[in-house]
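Each chain is listed here by its residues.
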Amino acid sequence: MLFYPPNVAGWAGGKSWIDSSTLMLRLKLPSMILNGGVIDFEAQGDDPDAFKMMEMNTKNQEKVKERVNTTIDWAAVLSAFPKDVTKSDVADALLQPIINDIQKDFLVSPTNDSLKNLLVQLVSMPEYQMC
Amino acid sequence: MDRRQFIKRSGLASSVFFVPSFLKPFEKYYSENNRNIVIIQLSGGNDGLNTIVPYDNDLYYQQRKSIAIAKENVIKLNDEQGFHPSMTALKDLYDKGYMSIINSVGYPNPDRSHFRSMDIWHTATDSNQYETTGWIGRYLDSNCAGCEHPYLAIETDDNLSLALKGSTKKGIAVKNVKQLYDETREPFFKNVLDAKDKVMLNEDNLGYLYKTMIETSSSASYIYETSKQVANTYAYPDTAFAKQLKTIATFINSGMQTKVYYVSLGGFDTHVNQIATQQRLLKEYSEGVVAFINNLKSVNKYDDTLMLTFSEFGRRVEQNASGGTDHGTASNVFVYGSNLKQKGIYNSMPDLSNLEEGDIKHTIDFRSVYATVLQNWLGVNNTSILKRDFPLLNFL
């Protein structure tokens, strides 16, 4: 993508980087690099569609990992965080705009128990694009 | 059959069988409303003189010693001009009156840089003006019926061209419908969107991201859900370009409300060894277009579709020393439709004895082509979109 600018002048600045398909790719890219395209997340309620999507993503995880071919040293990443850090602190540190309570609620919910999952979620948020 | 299918099918059945007779007069209105236009961009600057060849002109052969198309190979259209031999597939459409060829289309004070000239064609501005919105984008901005949906203008590519970007509205770029649809269905993204609030939407840049995400999500599901209802088994040539046209034909056939489709075919920048490259590209172009039109005809949708082909500029009349041609100015534009007012060759061929610094002088401003399409095909006021009055042409 980066190597196919719209014309020989290269990429224009500002919002012109963002349109329908480039935005979705940008949002999806972190999870593809970090976690084989899976944003581990417990969907609320009993949305069968969400459940199916999660299942499909998990099924494809190994394939995506193979194609993206990245190795993440999670032990090193996770050990960089102080032991007593709260999820809320991590969210505030990674996202520049202030997220609202509903978003914070589901990010820091008790079912969201792994720091690794939280990191993947945070970098997949539109807010993270603002950094 | 589950509940969802049942509702879908019964809905379909009722609309087919129980159209009240008092609604019949509106059918014509609806069919006019289904009009769409497919714009094909030949990127890189297609050599118009070797595409529509002035085979009866000595000046042409004098200027192009090694790359001219020999008279006997030209597919003759009238006593002066004919197709490049690899456009043979188009001859049948031409004979049926489905094609109009407009010669010498350009704009005053032409710019020979690819990106600048392409920007001028996309924004429809004068060559000394800079604009951040495209002409299709401004059409979407102009409050046309249903224009709040990005799927009103679809580009079958990975990113959206300037032409389709308006100031408040924009089209949608989609190469692989299923993939985009799946991306928008990611449960995590759904949750993020559900949690959005007014503050986020009103914040300038973040709001733009959220709005784009929402629009993408709703458009992708509209496009996916609508287009999956028809299976397109029509045979197309095995090229990337034909594949894109096939996708568009499927969209049109599925009854999608899209007004503008945008496709590009690149590689026309033939500075070196033009013959082989252009031969391949024009064949790819012609065979794709022919398959597309025949596909639409086979499902009785061709009457709703107009097609337009342009390139950012033509090439210089005189060839260069590398068996190629360099950036030029005015060139030809093709219009395809089942009901063209003026069929065949629209205007006189370029005057090769009256050049401007070795380049063809434009006799028709490309914005007149746009104005005609906007006014007489899409049925909107062209002046507000093009910001000036351009004389309308007679092909529609």
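Structure shown above.
Residues numbered from 1 in each chain as written. Chains lettered and ligands numbered in written order. Predicted model: local features only at pLDDT ≥ 70, side-chain atom pairs only at ≥ 80, totals over all residues. Heavy atoms only, no water.

1. Structural notes on the overall build of chain A
In terms of helices and strands, chain A carries 6 helices and 0 strands. Starting at the N terminus and ending at the C terminus, chain A contains elements arranged as α-α-α-α-α-α. In chain A, which comprises 131 residues, the proportion classed as buried is 37%. Partitioning the contacts of chain A with sequence separation of at least 6, the portion at a separation of at least 24 is 63%. With an accessible surface of roughly 7,800 Å², chain A has 58% of that area assigned to carbon and sulfur atoms. (Helix = DSSP H or I, 4+ residues; strand = E, 2+ residues; numbered from the N terminus. Buried < 20%, exposed > 50% of the residue type's maximum accessible area, 1.4 Å probe, protein only. Contact = heavy atoms within 4.5 Å. Areas by Shrake-Rupley, 256 points an atom, 1.4 Å probe, with all protein chains shown as cover.)

2. Regarding the overall build of chain B
Secondary structure assignment for chain B yields 14 helices and 12 strands. Put simply, chain B has 396 residues, and 55% of those count as buried. Working note: accessible area of chain B is about 17,100 Å², and carbon and sulfur atoms make up 49% of it. Computing the positive centroid from 42 side-chain charges and the negative centroid from 44, chain B places the two 7 Å apart. (Lys, Arg positive; Asp, Glu negative; His and termini not counted. Charge placed at Lys NZ, Arg CZ, Asp CG, Glu CD.)

3. Side note on helix α12 (residues 274-298) of chain B
Taking 1.5 Å per residue as the helical rise, α12(B) with its 25 residues ought to reach 36 Å, and the 36 Å between its terminal C-alpha atoms agrees with that figure. Positive phi shows up at B:N300, right after α12(B), with a value of about 60°. (Expected span 1.5 Å × (residues − 1).)

4. Overview of the packing of helix α11 (residues 240-253) of chain B against α12(B)
Residues and elements named next belong to chain B. Where α11 contacts α12, the two axes come as close as 9 Å, and the packing angle between them is 20°. Considering the angle they form, α11 stands roughly parallel to α12. In terms of crossing hand, the pair formed by α11 and α12 is right-handed. Contacts from A240, F241, A242, L245, I248, A249 and I252 of α11 reach α12 at E284, Y285, G288, V289, F292, N295 and L296. Residues that form the contact of α11 with α12 fall into these classes: 11 nonpolar, 2 polar and 1 charged. (Axes fitted to C-alpha atoms, helices over the stretch in contact; angles between N-to-C directions. Parallel < 35°, antiparallel > 145°, perpendicular 65-115°, else oblique. Left-handed = near helix turned anticlockwise from the far one by under 90°. Nonpolar A, V, L, I, M, F, W, Y, C, P; charged D, E, K, R; others polar.)

5. Some words on the nonpolar core
Residues and elements named next belong to chain B. Ranked by size, the top nonpolar core spans 126 residues in total, and within it F83, L90, I102, Y285, F292 and Y336 carry the most contacts. Looking at which element gives the most residues to this core, the answer is α12, with 9 residues. Among all residues touching Y336, those that are not within four sequence positions of it are L90, Y98, M99, Y285, V289, I293, Y302, T305, L306, M307 and T309. Of all hydrophobic cores here, the second largest spans 10 residues; its members include V53, Y55, I69 and V74. (Core = buried A, V, L, I, M, F, W, Y, C linked by side-chain atoms within 4.5 Å.)

6. With respect to the interface of chain A and chain B
Often the size quoted for an interface is simply the accessible area lost on bringing the parts together. Contacts between the two partners involve 42 residues from chain A and, on the opposite side, 36 residues from chain B. For the pair chain A and chain B, the two sides together bury roughly 3,400 Å², of which 67% comes from carbon and sulfur. Between chain A and chain B we count 1 salt bridge in total. A salt bridge links A:K28 to B:E186, with the nearest nitrogen and oxygen atoms 2.6 Å apart. (Buried area = accessible area lost by both parts, 1.4 Å probe. Salt bridge = Lys/Arg side-chain N within 4 Å of Asp/Glu carboxyl O.)

7. Some details on the packing of aromatic side chains
All names here are of chain B. Following the criterion strictly, the structure yields 17 aromatic pairs over all chains and no others. An angle of 5° between the planes, with centres 3.7 Å apart, marks the rings of W135 and Y370 as stacked. Taken together, the positions of W135 in helix α6 (residues 135-141) and Y370 in helix α13 (residues 366-376) put the pair 235 residues apart, joining distant regions of the chain. Since its relative accessible area comes to 2%, W135 is described here as buried. Looking at Y370, the relative accessible area reads 2%, which means it is buried. A connected cluster of aromatic rings, assembled from ring pairs, spans Y107, W121, W135, F310, F366 and Y370. Stacked on the ring of W377, the Lys or Arg R35 has its end atom at 4.3 Å from the ring centre. One cation-aromatic arrangement involves R116 over Y130; the distance from NZ or CZ to the ring centre is 3.9 Å. (Phe/Tyr/Trp six-rings, centres within 6.5 Å; stacked < 30°, edge-to-face > 60°. Lys NZ or Arg CZ within 6 Å of the ring centre and 35° of its normal.)

8. Description of the environment of A:L115
Residues and elements named next belong to chain A. Tracing the chain through its elements places L115 in helix α6 (residues 115-123). Judged by relative accessible area, which is 23%, L115 ranks as partly exposed. Distance from L115 to V85, taken between C-alpha atoms, is 9.9 Å for residues 30 residues apart in sequence. Those residues within four positions of L115 in sequence are excluded, and the remaining contacts are L78, F81 and V90.

9. Things to note about the environment of B:I360
Residues and elements named next belong to chain B. Assignment of secondary structure puts I360 in the loop between β11 (344-345) and β12 (364-365). The spacing of I360 and L160 is 200 residues in sequence and 31 Å in space, taken between C-alpha atoms. Here I360 is in contact with L49, S104, V317, T329, A330, P350, L352 and L355, once residues within four sequence places are set aside.

10. Digging into a nonpolar patch on the surface
Residue and element names in this part refer to chain A. Together, L25, L29 and I33 line one region of the surface with nonpolar side chains, adding up to about 210 Å² of accessible area. Here L25 shows up in helix α1 (residues 20-35). Classification of L25 by relative accessible area gives partly exposed; the value is 31%. (Patch = residues over 30% accessible without salt bridge, like charges linked within 9 Å, V, L, I, M, F, W, Y side chains within 5 Å.)

11. A short note on the sheet that holds strand β3 (residues 75-76) of chain B
Think of a sheet as strands paired side by side through backbone hydrogen bonds, with each pair either parallel or antiparallel. All names here are of chain B. Strand order in this open sheet of 3 strands is β2-β4-β3, and the pairing throughout is antiparallel. The open sheet terminates on both sides in strands that have one partner only, identified here as β2 (52-53) and β3. Two elements, β2 and strand β4 (residues 82-83), share 2 bridges in a ladder whose sense is antiparallel. Across the sheet, I52 pairs through a bridge with F83, a residue of β4. (Pairing = 2+ DSSP bridges.)

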